[in-house]
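Take a look at the letters that make up each chain.
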Amino acid sequence: MRKSSYPVHYVNESKSHNQKAIRGGERKVMKKSLSAVLAAALTFSAFGSAFAADATTPIEKFNYLKEKGVFEGKGASGEAALEDNIRRDEMARISALLKGLDLNNPPAEATFADVPVGNWAFEEVEAANADKIMEGTGNGFQPAGEVTFEQIARIMVSILGLEVKEDAEVSGNVSSWATGYVAAAIEAGLIEEQADYTVPATRADLINSSYSTYQVQNPEAPEYAVQAVGAKKLQVTFSKAVDKDSVEFTVKKGVGNASVKEITFSEDNKTATIELVAKLVKGTYTVTAKGAAAEELSASVTVEDETVSSVEIVGDVAPLDRNNDKVITAQLLVENQYGEDITKAQRGNLQIYATKAASYGGTGNTVTVNAYDDYYVGETVYFSVTHIGTGKNATKQLKVDLPARAAKIEVEKVYHANNKELTSASNLSEYYLVFNAKDQYGNDFDNISYIADDLQVYSDNPSILNVGNFTTLTVDEEQRNVLQLANPTSSVRFDGTANVTFVHKHVGGASQYAVEVAPAAKLEALTIEGADVIVAGEENELAFSAVDQFGNEITDEDDIEAGLSNLVASGVSGLNIEFKTDYETGKAKLVLDASSAPALERAVQITVTATTATYKPVFATLTLQPQAEVEGIYGTKDFNRAIAIGATAEFDADNIQVSDQYGRIKTAADFGLTPVVTSNNGNVTVGTGNVTAAVKGSSTINVQLKDGATLLENISYDFTVRAVAVDEIVDYAVGSVDPLYTGGVTYKKKLKVEGLLNDDTKVTLPVDDTNYYTVTDQTYIDTGLVYNAGHFHAESTMAADIDKEKKYTVVVTGKVKDGGLVTHNVELTVTEAAPVATKYELRDGSGATKDTDGVVVISEATINGLTERTLANAVVKVVDQYGVEITSASKFRTVTTSKSFASAVAGDEITVAVQAQNGSTFSFKVAVE
């Protein structure tokens, strides 16, 4: 490298000390972690090759920094002098400018004899020395001395306040004192990796490092714009990539927030598509992005209501129905102004005409024409469609042709209701291929029975998987065509790839899809960690950890049980231990059922043993404590101690909290206890399972507990309940309402309204008592949204008026003291998403008795007379996403058992697996006595 043989001379040697502020004036630099700076680098494209959109070469970076007042050229011509080595006085100036040090108040006397007062770099050297980003060498400052890569690293890391790790490692020759600084600078992109960091650096090297540092200090906000790209979609565009995990969006229309359903970023992180819950309506939407730049970014777009922009008759063919020559079909496409297909939603607004037509039918994009006379192949049919309201129309002459046949299958994905990975240990009947079908004319082909007739399907590797039947399934809230997979015929299972081939019997050709089956996780180690307290007479959930042969955590019940044998709990009688699936999390839980353990007078040691499939022993010693007993009443639960006059509040064993000898808080109902409740006066009266506020004032309520007919000694609890008048209420708390399914009153949801006192105490109110509050009846109530007795429900007639989901707002108006009124808006969501199974639980039924959460017990004589489906329907309660029980006799798609009920004998333990119509599964055991 060429060394400089002369001092650095700046174009303006009499430089002004009122230079522009590089970082907004003097600023204290706080030490921050490297990860935080790197996150900023990603957000603002500050480091490394991220500068490609701005300056990329040393000369471009020099010109940029020169414009910002950080660098100046050398010599009379102001050249960049990229190949010159850096001098220490030059480094001091650049460092001081980058850090924004004060150059206007230098000391009266020079600290270093070799940089006296009046030297061109006097102020910069003094400022850098005072800030300790550069110091003397022990022999003056040595202004003409060279600067090495490791010295640049130390200075830039210090300027940014990066964390320096003592145990950092660097590849290349580096001084021991500089290792941490060099590692931090490399990781932050401030310098490039070198073979030797102790050699002098050039001006080009310093320019690159200074440019990176300056960009971190002064991140430029990306340009930001928003546009509507769909009926429910807004697209935000940034001029540079952002850190998608750091950006938070808020969408407003006027002063109200618009609910966001999903946000999707493009691969380059420059575009975000925001899907709203409800459709855009006429007006201005403002989208604010927080975290994309130092300050919030905001942009607005004005939209119109969704409207029909085009109507199209798709294709030139009208296929005959395969069973009736008086029926043909045609394909329609109605699009909105964003080019989205809205045919289904607009079918009721279409006026259709076709030659010979007597009536019309079909759903979605398919129109079925029912004629008064036969059609024949080759006949020309005049067809027209007009959208009522916009007048958009289309006309076309269609040629009658052969019936449509399945000609192409496009598999979208492998689907499992609980998103389980497909492995060689999976029950393949729980997995489906979700597909779209096209006919020979290129049209969508959805008739599942026709698809099954038109295709022959096989797996080219039945040792990995087989195929089942074509059917329909609710996938992601939509009814989809699917092909169910099936287990291999052999009990020996393999992983690998199996190609599923769809042979098109009538039109020739085939479609194929490769299904990957991953190796099954094999339980390598199981550690049972116990619980805070394990109590006899109860089910106890034990903490555990299970890992597979790859060191990964196993959370699936089937995978754990497949790799485990002889799981036993011993030490006292009546113990049962097993893995179960927590259907809320989808993960396995380990349950020690000590419900049948004998009464214990003291704690006893019990052991849990098992063996893994890899022959590794599992052993745990646990302490089983005596059965729980109530030691006292702890308080009340889910009960307002202020009640409005005229209101009655439920108060029973579920509302009374008790403590046991282990310090656990439960309810009196958990112990099967009955409360005895009294009041000391008539302000608040006591009934069976409730209390009523009668007269303004307070009452002392006393609670005692009975076990059967026996009153528990020394257990009593007093608390005060206040009877509140409307003139004491200052505001109201109005709860949210769960989504309303368009299924009528069966799916009603509660509107919870409570009063508030000055101290924010909540007050139980009489339901729909207009002395306290009213719920505004608005015109849309007449469309099928009904409010009655404190509940909302959506009639089935509303399904025709919404597209999957629609938002409504109701107003609750409450009376407060001094005759005032307050209002609260409540947002309601009405949805047409069909109910699907989301929760399962066992119960008594068909002669079987629930024993535990996973077992029912039944006699041999009873089970021999039952079908598998009859028992499953009776003992398995299925609840949908709306909290309503699914009671249909066909609620299960399949019911499979490990043994036929007809041949069951006493002592059998039969595993029953049920699969709901949405593909979700539940299994339980039937113990035969």
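Residues numbered from 1 in each chain as written. Predicted model: local features only at pLDDT ≥ 70, side-chain atom pairs only at ≥ 80, totals over all residues. Heavy atoms only, no water.

Under the annotation held in an unreviewed UniProt entry, the protein carries the name S-layer homology domain-containing protein and is attributed to Marinicrinis lubricantis.

Caption draft 1: Main features of the overall build of the protein. When helices and strands are tallied, the protein shows 12 helices and 58 strands. Taken over C-alpha atoms, the radius of gyration comes to 38 Å for the protein, far larger than the 30 Å a tight globule of 929 residues would show. Residue burial in the protein is summarised as follows: out of 929 residues, 45% are buried. Taking the contacts inside the protein whose residues are at least 6 apart along the sequence as the reference set, 62% of them involve residues at least 24 apart. Looking at the protein as shown, the accessible area adds up to about 44,300 Å², and 45% of this sits on carbon and sulfur atoms. Taken as two groups, the 80 positive and 128 negative side-chain charges of the protein have centres that lie 3 Å from each other. (Helix = DSSP H or I, 4+ residues; strand = E, 2+ residues; numbered from the N terminus. Rg over C-alpha atoms; globule rule 2.2 N^0.38 Å. Buried < 20%, exposed > 50% of the residue type's maximum accessible area, 1.4 Å probe, protein only. Contact = heavy atoms within 4.5 Å. Areas by Shrake-Rupley, 256 points an atom, 1.4 Å probe, with all protein chains shown as cover. Lys, Arg positive; Asp, Glu negative; His and termini not counted. Charge placed at Lys NZ, Arg CZ, Asp CG, Glu CD.)

Caption draft 2: Just the packing of aromatic side chains, in detail. A full pass over the atoms with the stated rule returns 22 aromatic pairs. Ring centres of Tyr64 and Tyr214 lie 5.9 Å apart, and the angle between their planes is 75 degrees; this geometry places the pair in the edge-to-face category. Here Tyr64 is found in helix H2 (residues 58–67), whereas its partner Tyr214 is found in helix H7 (residues 203–217), with 150 residues between them in sequence. In this pair, the class of Tyr64 matches that of Tyr214, namely buried. Judged by centre distance (5.8 Å) and plane angle (85 degrees), the ring pair of Tyr747 and Tyr882 falls under edge-to-face. With Tyr747 in the loop between strand S43 (740–741) and strand S44 (749–750) and Tyr882 in the loop between strand S55 (876–880) and strand S56 (892–897), this pair connects stretches of sequence that are 135 residues apart. The pair Tyr747 / Tyr882 is uniform in exposure class, with both members buried. The ring of Phe141 carries Arg88 above its face, with NZ or CZ at 4.3 Å from the centroid. The lysine or arginine in question, Arg154, covers the ring of Tyr181, its NZ or CZ lying 6.0 Å from the ring centre. (Phe/Tyr/Trp six-rings, centres within 6.5 Å; stacked < 30°, edge-to-face > 60°. Lys NZ or Arg CZ within 6 Å of the ring centre and 35° of its normal.)

Caption draft 3: Here's a closer look at the UniProt feature "domain: SLH" (unreviewed entry) in the protein. Summarizing the sequence annotation, UniProt attributes the feature "domain: SLH" (unreviewed entry) to residues 108–170 in the numbering used throughout. Between the first and last C-alpha atoms of residues 108–170 the distance is 42 Å; the span itself is 35% helix and 0% strand. (UniProt positions renumbered as here; feature names shortened; annotations may be inferred.)

Caption draft 4: Representation of the environment of Val895 in the model. Along the chain, the position of Val895 falls in strand S56. On the basis of relative accessible area, Val895 is assigned to the buried category, the value being 19%. On a C-alpha basis, the gap between Val895 and Gly646 in space is 51 Å, while along the polypeptide they are 249 residues apart. The contact partners of Val895, leaving out residues within four places of it in the chain, are Glu868, Arg869, Ala872, Val912, Ala913 and Val914.

Caption draft 5: Structural context of the sheet that holds strand S3 (residues 248–253). Read across the sheet, four strands follow the order S4-S3-S7-S8 without closing on themselves; strand pairing throughout is antiparallel. Only two strands of the sheet have a single partner each, and these edge strands are strand S4 (256–257) and strand S8 (297–303). Examined bridge by bridge, strand S7 (residues 283–290) and S8 share seven bridges and lie antiparallel to one another. Within S8, the position partnered with Tyr285 by the bridge is Val301. (Pairing = 2+ DSSP bridges.)

Caption draft 6: Helix H12 (residues 868–875), seen in detail. Listed as buried for H12 are Leu871, Ala872, Asn873, Ala874 and Val875. On its buried face, H12 is in contact with strand S52 (837–842), strand S54 (855–858), S55, S56, strand S57 (909–916) and strand S58 (921–928).

Caption draft 7: Seen up close, unusual backbone geometry. Look at Lys356: it is not a glycine, yet its phi comes out positive at around 75 degrees. Inspection of the secondary structure assignment puts Lys356 in the loop between strand S12 (350–354) and strand S13 (357–361). Since its relative accessible area comes to 17%, Lys356 is described here as buried.

Caption draft 8: Structural view of the sheet that holds S43. Pairing within the open sheet is mixed, and its four strands lie in the order S43-S51-S50-S47. Looking along the sheet, the strands with just one partner apiece sit at the ends: S43 and strand S47 (773–775). One ladder, built from 11 bridges, connects strand S50 (residues 805–815) with strand S51 (residues 821–831); its direction is antiparallel. Counted as the bridge partner of Val812 is His824 from S51.

Caption draft 9: The nonpolar core, seen in detail. Counting 52 residues, the largest nonpolar core has Leu65, Phe71, Met91, Ile152, Met156, Leu190 and Leu206 as its most contacted members. Listing elements by their share of this core, those giving two or more residues are H2, helix H3 (88–99), helix H4 (122–131), helix H5 (149–160), helix H6 (179–187) and H7. Per element, the largest residue contribution to this core is eight residues, and it comes from H5. Formed by 30 residues, the second largest nonpolar core is a distinct cluster that contains Ile528, Val572, Ala588 and Ala610. (Core = buried A, V, L, I, M, F, W, Y, C linked by side-chain atoms within 4.5 Å.)

Caption draft 10: Region of the structure containing the pairing of strand S39 (residues 690–693). The alternating pattern of S39 places Val691 and Ala693 on a buried face and Asn690 and Thr692 on a face that is not buried. Bridge analysis of strand S34 (residues 648–650) against S39 gives three bridges, and the strand direction is antiparallel. In the strand pairing of S39, Glu650 is matched with Asn690. Sheet analysis places strand S38 (residues 684–687) next to S39, joined by four bridges and oriented antiparallel. Paired with Thr685 across the bridge in S39 is Thr692. Linkage of S38 to S39, two consecutive antiparallel strands, is achieved through a turn of two residues, within which Gly689 is found at a positive phi near 75 degrees.

Caption draft 11: Seen up close, the packing of H3 against H4. It is the contact of H3 with H4, at a shortest axis distance of 8 Å, that shows an interaxial angle of 65 degrees. For the crossing formed where H3 meets H4, the hand is left-handed. Where H3 approaches H4, its residues Ala92, Arg93, Ala96 and Lys99 are matched on the opposing element by Glu124, Val125, Ala128 and Asp131. A per-class count over the contact of H3 with H4 returns four nonpolar, no polar and four charged. (Axes fitted to C-alpha atoms, helices over the stretch in contact; angles between N-to-C directions. Left-handed = near helix turned anticlockwise from the far one by under 90°. Nonpolar A, V, L, I, M, F, W, Y, C, P; charged D, E, K, R; others polar.)

Caption draft 12: View of the pattern of salt bridges. Following the criterion strictly, the structure yields 33 salt bridges and no others. For Asp131, the salt bridge goes to Lys99, with nearest N and O atoms at 2.6 Å. In this pair, Asp131 is assigned in helix H4 and Lys99 in helix H3, connecting sequence segments 32 residues apart. Given a relative accessible area of 29%, Asp131 falls into the partly exposed group. Judged by relative accessible area, Lys99 falls into the buried class, the value being 12%. The shortest N-O distance in the salt bridge between Lys279 and Glu306 comes to 2.6 Å. Of this pair, Lys279 sits in the loop between strand S6 (271–276) and S7 while Glu306 is found in the loop between S8 and strand S9 (308–314), placing the two residues 27 residues apart along the sequence. Exposure remark for Lys279: the relative accessible area of 27% places this residue in the partly exposed category. Salt bridges sharing common partners tie together Glu538, Asp660, Arg664 and Lys666. (Salt bridge = Lys/Arg side-chain N within 4 Å of Asp/Glu carboxyl O.)

Caption draft 13: Structural view of H2. Residues Lys61, Phe62, Tyr64 and Leu65 constitute the buried set of H2. Buried residues of H2, seen end-on, are gathered within an arc of 165 degrees and therefore sit on one face of the element. In the core, the buried residues of H2 are packed alongside H7. Positive backbone phi, at 85 degrees, marks Gly69, one or two positions downstream of H2. (Arc of directions from axis to C-beta.)

Caption draft 14: Focus on the packing of H3 against H7. Put simply, H3 and H7 touch, their axes get as near as 11 Å, and they point 10 degrees apart. When the interaxial angle is binned, H3 and H7 end up roughly parallel. Contacts from Glu90, Met91, Ile94, Leu98 and Lys99 in H3 reach Arg203, Leu206, Ser210, Tyr214 and Gln217 in H7. Classifying every residue of the contact of H3 with H7 by side-chain character gives five nonpolar, two polar and three charged. (Parallel < 35°, antiparallel > 145°, perpendicular 65-115°, else oblique.)

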